[in-house]
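# Structural overview
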Amino acid sequence: MWGGRFADGPSSIMREINASIPFDKKLWRQDIRASLAHVAMLAEQQIIDRDDATQIINGLNQIAQEFEAGGVTEDLDLEDIHMHVEARLTEIVGPVAGKLHTARSRNDQVATDFKLWVRDAVDVVSDGLAALQQALLGRAEAHADTIMPGFTHLQSAQPVTLGHHLMAYFEMFDRDRSRFADARVRMNYSPLGAAALAGTGFAIDRVQTSQMLDFEAPTANSLDSVSDRDFALDYLMAATQCSLHLSRLAEEFIIWASQPFGFIDLPDRFSTGSSIMPQKRNPDAAELVRGHSGRIAGCLNALIITMKGLPLAYSKDMQDDKPPVFDAHDLLGLSLAAMTGMIEDVKFNPDRMRTLAESGFSTATDFADWLVREAKLPFREAHHITGAVVQLAEKQGCTLSELTLEQYQSIDSRITKGVFDVLSVDASVASRSSYGGTAPEQVRAQIAKARNSLED
């Protein structure tokens, strides 16, 4: 390929370090697709003969069928997927295969192939996120009235509904889908035709190739076209944020499945056992989802450091741009599938959730709010009175609703029997009817809105 400049061939170590085919063979579909668009444009612009273009197109289609059936046979001497395709094309159609590389370079070729792959990856992840959101909607709707403790600092804070809690993750994953969608818009410009770094002297039509590859338009600067890997970083940044959300949900499942909580029973197909403790049911799938988030964040960090300080235009460092993206994509897809399966199959334990929601003085804020509404007290004063009532209940070993009116009035004479209307967890949840609140009517409204948004 480039031996005319060199008297000696590369050493075995150089062949190994230089070759990217072990990982960039994943790009074969994108490489053939981009090559088909390029050769069609060359023929349309009369840069090569139409008969030659037809031979090349037929040869590329044959290679696609071969790779689909048997995969790519790696040859380190051919370095990358681009040369593997060209070498096989030469075997099929002869020297005319060399015309395919007219008016392009491996620099714009790999940028185009990689961008096409990442764009496809975004679509795959978006579909996976939508499936996870559908699962969350189904379970949230079934548990719009199910009461559970809400936490801050992992301490019981206020009662909420399970449906409300699950919908919080719907919102997180909705932002993730938005991030991937934003990244897709930014990456949807074609580098093909930028050549090595300066463009080409051939009268190519970059608009035609960009349209054939479903890009919005060609990229505007040839130097930036071949050196840009923002699209890969955008993907990894969105993937990292998504993996953090998956990790948070996985962590909650791990906690909820523990015996002290007992909120859920994880399905057998997403659990494992112990080699020596037969009673164990381990939340290994959730723990691995949690662990994958660290590896995905590591992939982002790897590419950030690789790209840091690289001068324009292309440098061989950029060959290492693909493994972290490929690895992150595989891990994210597996995590999404596992989390979706767990959401669909998990068994919730509403009685246990309600029992814990009723403990820990979780309706104390409702009492303070009642003092503000009914006794017209400033909230800070109401907060102080409520703290004193909680202290009394702790000493008595009872809940707020189990204190007598006389005990309440021993703290503050302005408290009336109407206070007992707000001390149950049901009353507390029902009262949180502000937009986005945990009241069942609000949860159902948000579910309906979310379902319409997901369908759109």
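Structure: above.
These numbers come from a predicted model, not from an experiment.

### Notes on the overall build of the protein
Within the protein one finds 18 helices and 6 strands. Radius of gyration (C-alpha) of the protein: 30 Å, far over the 23 Å computed for a compact globule of 456 residues. Considered along the principal axes of its C-alpha atoms, the protein spans approximately 100 × 55 × 40 Å. For the protein, with 456 residues in total, the buried portion stands at 49%. Once local pairs closer than 6 in sequence are excluded, the contacts in the protein between residues at least 24 apart make up 76%. Of the roughly 21,700 Å² that the protein leaves accessible, carbon and sulfur atoms contribute 51%. Each charge class in the protein can be summarised by its mean position, and for the 43 positive and 63 negative side chains these summaries are 3 Å apart.

### Comments concerning the pairing of strand 1 (residues 147-152)
Strand direction decides the pairing type here: strand 1 and strand 2 (residues 155-161), joined by 6 bridges, are antiparallel. Within strand 2, the position partnered with Thr152 by the bridge is Gln155. Between strand 1 and strand 2, which pair antiparallel and follow one another directly, the connecting turn spans 2 residues, one of which, His153, has a positive phi of 60°.

### Here's the deal with the pattern of salt bridges
Taken as a whole and assessed by the stated rule, the structure comprises 29 salt bridges. For Asp426, the salt bridge identified is with Arg354, shortest N-O distance 2.3 Å. Highlighted residues: Asp426 in helix 17 (residues 425-431) and Arg354 in helix 13 (residues 350-357), separated in sequence by 72 residues. Taking relative accessible area as the criterion, Arg354 reaches 30% and is therefore assigned partly exposed.

### Details of the environment of Glu44
Residue placement: Glu44 occurs in helix 3 (residues 28-44). Residues Glu44 and Ala257, 213 residues apart in the sequence, show an inter-C-alpha distance of 63 Å.

### Some details on the environment of Met14
Mapped onto the elements, Met14 comes out in helix 1 (residues 12-18). According to the relative accessible area criterion, Met14 is partly exposed, its value standing at 38%. As for Met14 and Arg352, which are separated by 338 residues in sequence, their C-alpha atoms are 63 Å apart.

### Some thoughts on the packing of helix 4 (residues 50-70) against helix 5 (residues 81-93)
Running from N to C, helix 4 and helix 5 cross one another at 115°; their axes reach a closest spacing of 9 Å. Note that helix 4 runs across helix 5; the crossing there is right-handed. Between helix 4 and helix 5, the contacting residues are Gln55, Ile56, Gly59, Leu60, Gln62, Ile63, Glu66 and Phe67 on the first element and Ile81, Val85, Arg88, Leu89, Ile92 and Val93 on the second. Considering only residue class, the contact of helix 4 with helix 5 consists of 9 nonpolar, 3 polar and 2 charged.

### Looking at a nonpolar patch on the surface
A cluster of nonpolar residues, Leu197, Leu223 and Leu312, forms a patch on the protein surface that exposes about 270 Å² of accessible area. Relative to the assigned elements, Leu223 resides in helix 9 (residues 222-227).

### As for the packing of aromatic side chains
Per the counting criterion, the structure on display carries 12 aromatic pairs. On the numbers, 5.7 Å between centres and 90° between planes, the contact of Tyr408 with Phe420 is edge-to-face. Separated by 12 residues along the polypeptide, Tyr408 in helix 16 (residues 405-411) and Phe420 in the loop between helix 16 and helix 17 bring together distant segments of the chain. Taking relative accessible area as the criterion, Tyr408 reaches 1% and is therefore assigned buried. Residue Phe420 is classed as partly exposed on the basis of its relative accessible area of 31%. The ring of Phe215 carries the charged tip of Arg119 above its face, separated from the ring centre by 4.7 Å.

### Examining the side chain of Ser293
Of note, Ser293 is situated in helix 11 (residues 284-307). Given a relative accessible area of 8%, Ser293 falls into the buried group. Setting aside residues up to four positions removed in sequence, Ser293 forms contacts with Ser243, Leu244 and Ser247.

### So, the nonpolar core
Here is a general trend for soluble globular proteins: nonpolar side chains tend to be buried in one another's company. By size, the foremost hydrophobic cluster in this structure holds 97 residues, and its most contacted members are Phe180, Tyr235, Phe253, Leu332 and Met342. The leading source of residues in this core is helix 10 (residues 230-257), at 14 residues. Grouped together as the second largest cluster of nonpolar side chains are 20 residues, Trp370, Leu371, Leu400 and Tyr408 included.

### Thoughts on unusual backbone geometry
With an omega of 5°, the peptide bond between Leu312 and Ala313 qualifies as cis. Residue position: Ala313 is located in the loop between helix 11 and helix 12 (322-345). Despite not being glycine, Glu79 shows a phi value in the positive range, around 65°. For Glu79, the location among the structural elements is in the loop between helix 4 and helix 5. Taking the relative accessible area as the measure of exposure, Glu79 reaches 6% and is therefore buried. The backbone of Asp214 shows a phi angle near 65°, a positive value even though the residue is not glycine.

### Structural notes on the environment of Leu137
Tracing the backbone through its elements, the reader meets Leu137 in helix 6 (residues 106-142). Along the chain, Leu137 and Lys376 lie 239 residues apart, while their C-alpha atoms are 40 Å from each other. Setting aside residues no more than four positions away along its own chain, Leu137 makes contact with Met167, Phe170, Ile447, Ala450, Arg451 and Leu454.

### Focus: the packing of helix 6 against helix 12
Where helix 6 meets helix 12, the axes come as close as 9 Å, and the angle between the chain directions of the two elements is 15°. Between helix 6 and helix 12, the angle is such that the two are roughly parallel. The element helix 6 and its partner helix 12 pack so that their crossing is left-handed. For the contact of helix 6 with helix 12, a count of residues per class yields 18 nonpolar, 3 polar and 4 charged.

Cut-offs and rules
- Residues numbered from 1 in each chain as written.
- Predicted model: local features only at pLDDT ≥ 70, side-chain atom pairs only at ≥ 80, totals over all residues.
- Heavy atoms only, no water.
- Helix = DSSP H or I, 4+ residues; strand = E, 2+ residues; numbered from the N terminus.
- Rg over C-alpha atoms; globule rule 2.2 N^0.38 Å.
- Buried < 20%, exposed > 50% of the residue type's maximum accessible area, 1.4 Å probe, protein only.
- Contact = heavy atoms within 4.5 Å.
- Areas by Shrake-Rupley, 256 points an atom, 1.4 Å probe, with all protein chains shown as cover.
- Lys, Arg positive; Asp, Glu negative; His and termini not counted.
- Charge placed at Lys NZ, Arg CZ, Asp CG, Glu CD.
- Pairing = 2+ DSSP bridges.
- Salt bridge = Lys/Arg side-chain N within 4 Å of Asp/Glu carboxyl O.
- Axes fitted to C-alpha atoms, helices over the stretch in contact; angles between N-to-C directions.
- Left-handed = near helix turned anticlockwise from the far one by under 90°.
- Nonpolar A, V, L, I, M, F, W, Y, C, P; charged D, E, K, R; others polar.
- Patch = residues over 30% accessible without salt bridge, like charges linked within 9 Å, V, L, I, M, F, W, Y side chains within 5 Å.
- Phe/Tyr/Trp six-rings, centres within 6.5 Å; stacked < 30°, edge-to-face > 60°.
- Lys NZ or Arg CZ within 6 Å of the ring centre and 35° of its normal.
- Core = buried A, V, L, I, M, F, W, Y, C linked by side-chain atoms within 4.5 Å.
- Parallel < 35°, antiparallel > 145°, perpendicular 65-115°, else oblique.

Geometry only, nothing functional implied.
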